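Residue-level structure breakdown
As a plain string of letters, each chain reads:
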Amino acid sequence: MSKMEQIEEHLKLFDFFPKLRDDALHRSSLSGMVTLLCSIFMSYLMISEIMAYVAIDVTSEVGVDLEVGVKLPIYFNFSLPGLNCEGFGLDFIDNAGELQLEVMDNIRKVPQRPAGRDGVRGCNAFGKLLTNKVSGDFHIAFGRQAVATDDARSHIHRFTPQELDTFNASHIIEKLAFGEEVPGVPNPLDGATHIVDHDSAQFQYHLQVIPTRYVHLGGFITVSNQYTFTLQSFVVNTRARTFKQPGIFFKYELSPYQITYREHREPFSTFIASVCAILGGVYVVGGWMSGAVRKSKPLMKPRTSRRASLLVK
């Protein structure tokens, strides 16, 4: 025996996968059924594992908001079916002392329909406010000409008592967002509808704005904000001695905390390990089931033949 043949003989001792000759193989229909069932089960597990690998998992964590000196964008789209576009203004004020009256920059007003008998056309107001990242409020209120006062955080709306009944605070919030859209985080006020069937009303939305970061799978980061809200509404009796100012008010506060969302995907090495475990596990279990079927088959034959002999007698 040559040296190479001796090496091959020694290597055979480490063979954990012994082979049978083709003429020694025995196939049966029951084993074939077991193989078919194992194949179906293996396919199901493989598809589930692939879907789990492709799916993106999102985790969240809470920390302190350390971003300072940045602006807070406010995107809005309001439908005001009971007002004309020239019958109201949008005012803004924040805790840093910035006051914007009759805001017109980056804002559009579009009539919704031809004027009816009452002369009301409705109005769609939409656009963007760019503010300091501090608490503040903005509102659509009665009184076309707002005038600043000595107090930097207040102003006056001018109107006559006869004009009060012409302001209808019915509104539909098509969109209200404090920044770019964050995947999986809806804006809770989008689609909110409030129709006033009496003369005047005041709506106060109190919002808690939470700074938010979304870290995408590729490393791109979306910096935005999400919010929660509570609503207070009041019927305004314009014939009373004192009454609330009709309008739609949004008062928001900035949270000192920040929520960070991160996208994750299962490592490829983990995916390969899971696939190998599925293939090996199903193969081993299938082998056990096939062996059990082969061993139980001879035990079933005598009973069958005995029953047949009894029937003949």
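Heads up: these notes are all about the structure in this document. (Residues numbered from 1 in each chain as written. Predicted model: local features only at pLDDT ≥ 70, side-chain atom pairs only at ≥ 80, totals over all residues. Heavy atoms only, no water.)

Attention now goes to the overall build of the protein. A tally of helices and strands in the protein yields three helices and 15 strands. By the burial criterion, 34% of the 313 residues in the protein qualify as buried. Looking at the protein alone, contacts between residues at least 24 apart form 76% of all its contacts between residues at least 6 apart. Accessible area for the protein stands at about 20,300 Å²; split by element, carbon and sulfur atoms hold 59% of it. (Helix = DSSP H or I, 4+ residues; strand = E, 2+ residues; numbered from the N terminus. Buried < 20%, exposed > 50% of the residue type's maximum accessible area, 1.4 Å probe, protein only. Contact = heavy atoms within 4.5 Å. Areas by Shrake-Rupley, 256 points an atom, 1.4 Å probe, with all protein chains shown as cover.)

Judged by nonpolar contacts, the single largest core of 35 residues is most densely connected at Phe138, Leu176, Phe178, Leu189, Leu207, Phe250 and Tyr252. Listing elements by their share of this core, those giving two or more residues are strand S2 (71-80), strand S3 (89-94), strand S6 (123-132), strand S7 (136-141), strand S10 (171-177), strand S12 (200-215) and strand S14 (247-254). Setting aside anything within four residues of it in sequence, one finds phenylalanine 250 in contact with Phe78, Gly136, Asp137, Phe138, Ile173, Leu176, Leu189, Tyr205 and Leu207. Residues Val182, Val185, Ile210 and Tyr214 belong to the second largest nonpolar core, which totals six residues. (Core = buried A, V, L, I, M, F, W, Y, C linked by side-chain atoms within 4.5 Å.)

Before going further, it helps to spend a moment on the pairing of S14. The element S14 is extensively covered by neighbouring structure, given that six of its eight residues are classed as buried. Examined bridge by bridge, S7 and S14 share six bridges and lie antiparallel to one another. Looking at S14, one finds that alanine 141 is bridged to glycine 247. (Pairing = 2+ DSSP bridges.)

What follows deals with the packing of aromatic side chains. Following the criterion strictly, the structure yields 12 aromatic pairs and no others. On the basis of an interplanar angle of 35° and a centroid distance of 6.2 Å, the ring pair of tyrosine 214 and tyrosine 261 is categorised as tilted. One end of the pair, tyrosine 214, is in strand S12; the other, tyrosine 261, is in strand S15 (residues 257-264), and 47 residues separate them in sequence. According to the relative accessible area criterion, tyrosine 261 is buried, its value standing at 17%. Its guanidinium or amino end placed over the ring of phenylalanine 88, lysine 109 lies 4.2 Å from that ring's centre, counting from NZ or CZ. Above the ring of phenylalanine 234, the side-chain terminus of lysine 244 is found at 4.6 Å from the ring centroid. (Phe/Tyr/Trp six-rings, centres within 6.5 Å; stacked < 30°, edge-to-face > 60°. Lys NZ or Arg CZ within 6 Å of the ring centre and 35° of its normal.)

On to a negative patch on the surface. Taken together, the side chains of Glu174, Glu180, Glu181 and Asp190 define an acidic patch exposed on the protein surface. Structurally, glutamate 181 can be placed in the loop between S10 and strand S11 (192-194). (Patch = residues over 30% accessible without salt bridge, like charges linked within 9 Å, V, L, I, M, F, W, Y side chains within 5 Å. Salt bridge = Lys/Arg side-chain N within 4 Å of Asp/Glu carboxyl O. Lys, Arg positive; Asp, Glu negative; His and termini not counted. Charge placed at Lys NZ, Arg CZ, Asp CG, Glu CD.)

Function cannot be inferred from these measures alone, as they are strictly geometric.
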